[in-house]
Structure formats: structure tokens, C-alpha cells
Amino acid sequence: MTAATSAPSTVRYPFSAVVGHDDLRLGLLLNAVYPRIGGVLVRGEKGTAKSTIVRALAALLPALDVVENCRFGCDPAEPDTDCPDGPHDEAAAGTRRPAQLVELPVGASEDRLVGSLDVERALTEGVRAYQPGLLAAANRGVLYVDEVNLLHDHLVDLLLDAAAMGRSHVEREGVSLSHAASFLLVGTMNPEEGELRPQLLDRFGLTVQVAASREVDTRTEVVRRRLRFEADPVGFAKEWAEEDAELARRIADARSRVDSVQLPDSEVRRIASVCASFEVDGMRADLVLARAAVAHAAWRGVDAVAAADVEAAARLALPHRRRRDPFDEPGMDEQQLQQALADAEQDAAQQQESASDSVTSGSDGGSESNDSENGPTDGPDEGPSDEDGSGGGGTGAPDAPQGPDNAPSGGAEGAPPSGDDAAGNAANGSDGNSSEGSGGAPRERTSEASDSTFRARLLEIPGLGEGAPGRRSRSRSRTGQVVRSSAVDGHGVHLPATLAAAAPHQRSRGRSGPGLRLHATDLRHSVREGREGNLVLFAVDASGSMAARERMSAVSGAVIALLRDAYQRRDKVGVVTFRGADGEIALPPTSSVDTAATRMRRLPTGGKTPLAGGLLTARKVIRTERMRDPQRRPLLVVLTDGKATVGVDAAGNSSTRSRRAVDDAMRSAALLNEMDVASVVVDCENGPVRLGMADRLAHVLGAPNLRLEELSADNVAGVVRAAREAGAVLA
């Protein structure tokens, strides 16, 4: 929990000196023992020593013997036969060096990660040579990615593939090769800045959630140690050198033992039972849990995996795999884990009992053979004892000694609720049934998001931006696809265009050897185009007219679908609601889209419709965000029926206020249009009589007008076609 402030020297904060964070320390140590676990993702708030403890881990890893002058760190005892710097002679000289900690910055390119063509040698010597990237440098060491949730998705895919396979395959710019890339992968992230997609979360072997302690004594000790370290880094490190040396020795011993640790079949069944209880997708969880349990047994210094190893591994391997939806909170339900372990224990006991009965019935010969009508080979009884006949006569015996050590007694009588039904069904009545109160005065109500399925469309800002990397609108990018070459702009060298520009002048420049003669005027840059994330600001009408007929429930469901889309496209989102007298900021712009979804699931409704106030509030938010981040283009999504009833000035009689409310709303929309804000209006009006106020609002905003039902999956084609015909910002 020490702060991640860098010390005024090159001495790193000792691993053993970190206060608390037992799960994080264990997750890192297990990966150090057995890197095939797949790395660890550290999630936590800022200032919780995530980076400090990861950087301290590298000092605990055993020193490496490497082939001299090998850029890929090959082991002299077992050199990589496909090493680009090879083949290495068996008698090649070796050197010893510490394990390396390689840091991957958020702004790194694909070339920097996997390597690329050595442009200098290609242009000057005319040879095709490979320049290794960070994956090669991290081989047999630690690859640390700070703020991994802000890294490009395709880069995360590349490094996770390499971490899983232990090799990096490079196919680019005429280079085709493969090299070893076995490393301990550690990623850290602050969930407040946005989540990783569940598909990427699943690729990390273990996940640990860290938070600052609220205990005064613990926080006091953190401050004491940190201040002592900053005052005398060398002296402080010496105080903890013995503890760090002991950890390093245990890591080396566990590494030498891990391949010989046995995983009994009873524990494999326990692992499968626990994963099935948590309903995790795929089989990666089972494999990771098995590897982590083996590493935990090796760390404890035992020769076989036990139930305690499986339980410890499950706490680290399963929390992030429980997410079904991007807005599900990663976490571990302790009651559910204990129930799953108890069920697995009971299953193991039943399996052992069935195996014992099978052995007993076989030894009794024919006296009891008539009780088993189908014989010993393929006789599924009416009960769930299919396992008895599936393994032949030899599978049951080894399981008998590996029975549960301390099976819990009866315990819970039934499995706890899964929690997936927490969304509920808000629509518990038809459109006119709103009998919450007996009085006639309007009441503020809370509308829950509907369970109706909406498939959000891609709302895209027209033109070409230069904002933060994302997946929504087109943008100029340093890491996107090369679309053309240019002599004046772009990033990096466009090799084919540079060669083409230099080729006609080689004779006049007196070329005689294999290398090219280049001038500065020959250089061409790559112009790349990618996708950017935008500021998606939702302006939601939460007035009484929207609450009628449960329309607000459907609106909330549509907004959550659009928020899910914003999550996947790396957008920054904000929510403005307007009801009663004015608009209010329900959620300031944030990259944590799941926070916005939580706010939208239960949205207070009721009162009049201050449409002008809502639009002016949205305008204020957009102006503020433009000053903070001028490159991030805004997209305003207005969900309303357009029936403004409250203007900027509430003076005058009822008729005057009504007309003024509409006029104020249109003037506010015109102000947004003058700011060149891309907008979309979602018309929530329903019923046989339609006033078309939302259509008028869309016209003033210069935005397409979509009906709420057009956001559903049944009308996808129609929405796309209508939007394209209107030349809208809908892709």
C-alpha cells in the first residue's frame, strides 16, 4: 500500500516491505513460480502501490544464464532452435545477468512491441534484417504494462497471445520469424479510467483487487516505511534484504519443484466442479486454476495438490471470469465459493464411495452380479453415476486414497442465488396502472431499466478527428492502418514510397553498391487512419411525461444498450438529466462506463420538462470538456419526447410560459448547433396523437431523429437505411 512515488535513486522499494496486499503478493509469487499461469492483472484505486510492488518483484527472480550477444536471451543449456540470432553452438559462451523488468508504455506501437524490419540496414545495406521488440527483451523476465486498460486492444491481444504460447510470431514487412517470448506478464489498471473487455480479462490468468486500508495503524505504518525509504533508500533496502533473499530462495526452490508436483484426479474433479458452479465460459478457467493450484503446492513445498491449494487458486483465478456483461462487477462471492467447494467435496466423497462399492461388488463374484443388470462395462444406472462405468476397472482405485481430508458437514441446504436475476422486471403492470400512492399530487418515481433487448447502432461523428484511441469515429492515428504516404505529414517511414521516390535518381547519384543513395527529399511518411474514442453525452428527459406508460423504463434500457456500445468503443461518457425546474449533471464525463450504467438503472423521474435547461446543461458540459481535452470530439444523444413545459424564465401566465418553453428549447438547440456538436435525437413520444416536437428539435440541432423503437434489434436495417438517406452521423 505504499505510494507508487519513485525514489530519488535507482534503488527499488523492497518487495517484503510492502504493507498488506497479501493476495497481490501471492498472485505475483505464483506467477513467478509458474509463468504458464498466464500473468496477473492488478485492479485498484490510485496510490495503492500497484506499480511499486510489481517493480520490486523483478529483484526476487533468479539470475539467468544467457547466450552471449543473443538479443533474445536464449538459455545456453537449451537454446531456442528457431532463434533469429541462432543457431547457437552448444559450446557457445554464456553470461549471467539479472532477470529483466521490461515496461510497455501505453503509447507503444505494434512495431515497438513485436519488432519490425530494421529500416536503417534495409536502406543503407540493402539487407532484410529484424529489429527485436519488447517481447524479445522480456523473454525469461517480467513484462509490466501499467494502465493496461488504456492500451490498444490489438496490442493487448498480441501480448496475451505471446504470454499464453511462450512465443512471438512476426509476419510483417517481408519479415517472417518466430522467437521465444516466455515472460511473467503483469498488468495494472485503475477501474475508474475504464474497464477491460471481458474477452481480454479472461486472457489474464489471475486477477487481484487492491484497495487502501481503512485501518489507522496500517496506514500509519505505510507512511513510516515510505518516508524512511525516501530518506535513505540504500539503508532501508538493507533492512529488508534478508527477507527479500528468503523469498528469492523460495521462488527458486518452487520453480525447481513445480514440474514434479502431482495433481491427483480427485483435485482435477474438484477444480472442474468449482468452475462449473461459477458457470464460467470456456475451459481456460479450469486450466488456469489447475496450474495455479500446482504452483501453490510447489510454493508450500509439498509434492501433491490438496484442497487448500485449489481454494487459494480459485480466489485469484475466478473473480474476473464471472462477468457475463461488460457492466458486471468482477468479484468473488465468498458464500458461493464455499458452497462450490462443499459441493465439490461432496461429489468427491460420492465418487470415492462409488469406486469402493464397485470394487466390493466385483470381489463378491456372482452372488450379487444379478443386481447389476448391465454388467461392469457400460451400465449406467438410473442415478447420476455415469462415472462408474466410464473409466474401466482401473480408474477408481487411485482415487480412493485421495479422498477429501475434512469434508464439511451438511452446511448450506441449497445453492445461493446466482445474482443474475438482480435486474428484475420493472414492468409489473400495464401502462395505466400507477397506484403507488392514494393522493392526487404527482410523486417522484424511480424507473428501472427494462429487460428488453436493444442492439445499439454505431453512432459515428462525421469527418476525421485526432482524439484518443478508441473504436467509434475515424481519426488520424500513429498506430492505425496505413492509408497513404506523404512527404509532409504522417508518422514513421513509409518504406515502399521512400524506395520508389529514391529509385529514379540512383544512377544520377552515382550508386554502385548494394545500398541506396538517399536524400532527405526521398523520405516519405506513413499516414495512418484508425478509430478514436469520443465524448458521448446523454441528455435524458426524466420528466413526468416520460414516466407515463413505463416509457422511462424502455428509455433507460436503450441508454444502457448505448452505454454498452460506448464501453466497447472506449468512449468517455456523461449523463445529463432534466426534470422539474432545470437540468442536472447525473454523471460527469468519465471513462468508467459501468458507473454510468449503474446510475441509469434506477433513474428518478417526475415533474415538468425543462428541455431548454437540459440542453444548456449539456452545452456547458461540452464546453468544459473541450477545454480539458480539445482533441476528443463530442457526440450528444438527446432522448426526449420534445414536449418542453419549462423555459429559462418561469415568468408569465401558463400559455406564455408554454410558448416560451418551446422557444427557449429551440434557441438552446441552435446554440449547440453553432458549436458544431454532432447530435442524435431519439424521439420517445408514443400514442395515437403525436405532436412531432422531437422532430422539430432534431431539425434545429441538425441531427437525425430516430424513434425509440428503432433502436431495437428488429429494426436495425431500417434505422441504418434511414440514417444514411438523411446523411446522418449514424453508420
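Predicted model, so just to flag it, every value in this text is computed and none were measured. (Residues numbered from 1 in each chain as written. Predicted model: local features only at pLDDT ≥ 70, side-chain atom pairs only at ≥ 80, totals over all residues. Heavy atoms only, no water.)

A. Quick peek at the sheet that holds strand β1 (residues 40-44). Overall, parallel pairing links the five strands, which are arranged β4-β7-β10-β1-β11 in an open sheet. This sheet does not close on itself; its edge strands, each paired only once, are β4 (101-103) and β11 (206-210). Adjacent strand axes in the sheet meet at a mean angle of 20° when their direction is disregarded. The strands that helix α1 (residues 22-33) touches are β1, β10 (184-189) and β11; relative to β11, the one it contacts most, it runs at about 155°. (Pairing = 2+ DSSP bridges. Helix = DSSP H or I, 4+ residues; strand = E, 2+ residues; numbered from the N terminus. Axes fitted to C-alpha atoms, helices over the stretch in contact; angles between N-to-C directions. Contact = heavy atoms within 4.5 Å.)

B. Just the packing of α1 against helix α12 (residues 284-300), in detail. Between α1 and α12, the shortest axis-to-axis distance is 9 Å and the interhelical angle comes to 95°. Judged on the interaxial angle alone, α12 and α1 are roughly perpendicular. Touching Leu26, Leu29, Leu30 and Val33 of α1 are Ala292, Ala295, His296, Ala298 and Trp299, all from α12. By residue class, the composition of the contact of α1 with α12 is eight nonpolar, one polar and no charged. (Parallel < 35°, antiparallel > 145°, perpendicular 65-115°, else oblique. Nonpolar A, V, L, I, M, F, W, Y, C, P; charged D, E, K, R; others polar.)

C. Quick look at the packing of aromatic side chains. Inspection of the entire model under this criterion finds five aromatic pairs. Between Tyr13 and Phe236, the ring centres sit 5.4 Å apart and the planes meet at 40°, which makes this aromatic pair tilted. Of the two residues, Tyr13 is situated in the segment before α1 and Phe236 in helix α9 (residues 233-239); the sequence distance between them amounts to 223 residues. By relative accessible area, which is 4% here, Tyr13 ends up buried. Judged by centre distance (6.3 Å) and plane angle (50°), the ring pair of Phe236 and Trp240 falls under tilted. Residue classification places Trp240 among the buried positions, given a relative accessible area of 17%. Among the aromatic residues, those joined into a ring-pair cluster are Tyr13, Phe229, Phe236 and Trp240. (Phe/Tyr/Trp six-rings, centres within 6.5 Å; stacked < 30°, edge-to-face > 60°. Buried < 20%, exposed > 50% of the residue type's maximum accessible area, 1.4 Å probe, protein only.)

D. Focus on the sheet that holds strand β17 (residues 535-541). Spatially, six strands are ordered β19-β18-β17-β21-β22-β23 in an open sheet, and the strand pairing comes out mixed. Edge positions in the sheet fall to β19 (582-590) and β23 (705-707), since each has one partner strand and no second. The mean angle between the axes of side-by-side strands here comes to 20°, regardless of whether they run parallel or antiparallel. Pairing analysis gives seven bridges linking β17 to strand β18 (residues 572-579), with the strands arranged parallel. Bridge pairing links Val536 to Val573 in β18. Against the sheet, helix α21 (residues 611-628) makes contact with β17, β18, β19 and β21 (634-640), and its axis sits at roughly 30° relative to β19, the strand it touches most.

E. Geometry of unusual backbone geometry. Looking along the chain, the bond that leaves Gly86 and enters Pro87 is cis, with omega of 0°. Relative to the helices and strands, Pro87 resides in the loop between β2 (64-67) and β3 (94-97). One non-glycine residue, Ala49, adopts positive backbone phi at about 70°. Within the secondary structure, Ala49 is located in the loop between β1 and α2 (50-57). Owing to a relative accessible area of 1%, Ala49 belongs among the buried residues under this scheme. The backbone of Arg140 sits at a positive phi, close to 70°, despite the residue not being glycine. By the secondary structure assignment, Arg140 is in the loop between α5 (134-137) and β7 (142-146). Looking at Arg140, the relative accessible area reads 24%, which means it is partly exposed.

F. Summary view of helix α8 (residues 216-231). A rise of 1.5 Å per residue sets the reference length of α8, with its 16 residues, at 22 Å; its end C-alpha atoms lie 23 Å apart and thus fit the reference within 8%. Within the sequence span of α8, burial applies to Val222, Arg225, Arg226 and Phe229. Mapping the buried residues of α8 onto a view down its axis gives an arc of 100°, with all of them on the same face. Among the exposed residues of α8, those oriented more than 90 degrees off its buried face are Val216, Asp217, Leu227 and Ala231. Against α2 and α9 lie the buried residues of α8. (Expected span 1.5 Å × (residues − 1). Arc of directions from axis to C-beta.)

G. Representation of empty space enclosed by the protein within the structure. Counting across every chain of the model gives three cavities of 30 Å³ or more. Surrounding the second largest cavity, Leu535, Lys572, Ile622, Glu625, Arg626, Asp629, Arg632 and Pro634 form its lining. Ranked by the residues each element gives to the lining of the second largest cavity, the list is headed by α21, at three residues. Here the lining of the second largest cavity is composed, by residue class, of three nonpolar, no polar and five charged. (1 Å grid on protein atoms, 1.4 Å probe; cavity = no way out; pocket = protein on both sides within 12 Å on 5 of 7 lines; lining within 4 Å. Points joined across faces, edges and corners; volume = space filled by probe spheres on them.)

H. Looking closely at the state of the cysteines. The tally for this structure, following the rule as stated, stands at zero disulfides. Unpaired in terms of disulfides, Cys83 finds its nearest cysteine sulfur in Cys74, a separation of 3.6 Å. (Disulfide = S-S within 2.5 Å.)

I. Region of the structure containing the side chain of Arg43. For Arg43, the position within the fold is in strand β1. A distance of 3.1 Å separates polar atoms of two side chains, one belonging to Arg43 and the other to Gln209. (Polar contact = N/O pair within 3.5 Å; in protein donor to acceptor, adjacent residues only side chain to side chain.)

J. Spatial organisation of the nonpolar core. By size, the foremost hydrophobic cluster in this structure holds 67 residues, and its most contacted members are Phe15, Leu28 and Val186. Per-element tally for this core: the top contributor is α12, with 11 residues. Once residues lying within four places of it in the same chain are set aside, the contact partners of Val186 are Leu28, Val40, Val42, Val54, Val142, Leu143, Tyr144 and Val145. The next biggest cluster of nonpolar side chains, apart from the first, holds 28 residues, and it includes Leu636, Ala644, Ala694 and Leu701. (Core = buried A, V, L, I, M, F, W, Y, C linked by side-chain atoms within 4.5 Å.)

K. Highlighting the pattern of salt bridges. For the structure on display, the rule yields 21 salt bridges. One salt bridge in this structure joins Arg55 and Glu103, with 2.9 Å as the shortest N-O distance. One end of the pair, Arg55, is in helix α2; the other, Glu103, is in strand β4, with 48 residues separating them in the sequence. The partly exposed category is assigned to Glu103, whose relative accessible area is 34%. For Arg226, the salt bridge goes to Glu230, with nearest N and O atoms at 3.4 Å. Here the residue Arg226 and the residue Glu230 both occupy positions in helix α8, the gap between them amounting to four residues, near one helical turn. What makes Arg226 buried here is its relative accessible area of 8%. Its relative accessible area of 31% is what places Glu230 among the partly exposed residues. One continuous salt-bridge network, built from bridges that share partners, spans Asp202, Arg284 and Arg321. (Salt bridge = Lys/Arg side-chain N within 4 Å of Asp/Glu carboxyl O.)

L. Summary view of the environment of Leu201. Position of Leu201 among the secondary structure elements: in helix α7 (residues 198-203). Here Leu201 falls in the buried class, since its relative accessible area comes to 0%. With 52 residues separating them along the chain, Leu201 and Asn149 place their C-alpha atoms 9.7 Å apart.

M. Region of interest: the side chain of Arg270. For Arg270, the position within the fold is in helix α11 (residues 265-277). Its relative accessible area of 4% is what places Arg270 among the buried residues. Setting aside chain neighbours within four positions, we find Arg270 in contact with Ala307, Val310, Leu341, Ala344 and Glu345.

N. Region of interest: the packing of α11 against α12. Relative to each other, α11 and α12 sit at 135°, their axes nearing to 9 Å. By the criterion of interaxial angle, the relationship of α11 to α12 is oblique. The crossing of α11 and α12 is right-handed. Taking contact as the criterion, the partners of Ile271, Ala272 and Cys275 in α11 are, on α12, Ala285, Asp286, Leu289 and Ala290. Classifying every residue of the contact of α11 with α12 gives six nonpolar, no polar and one charged. (Left-handed = near helix turned anticlockwise from the far one by under 90°.)

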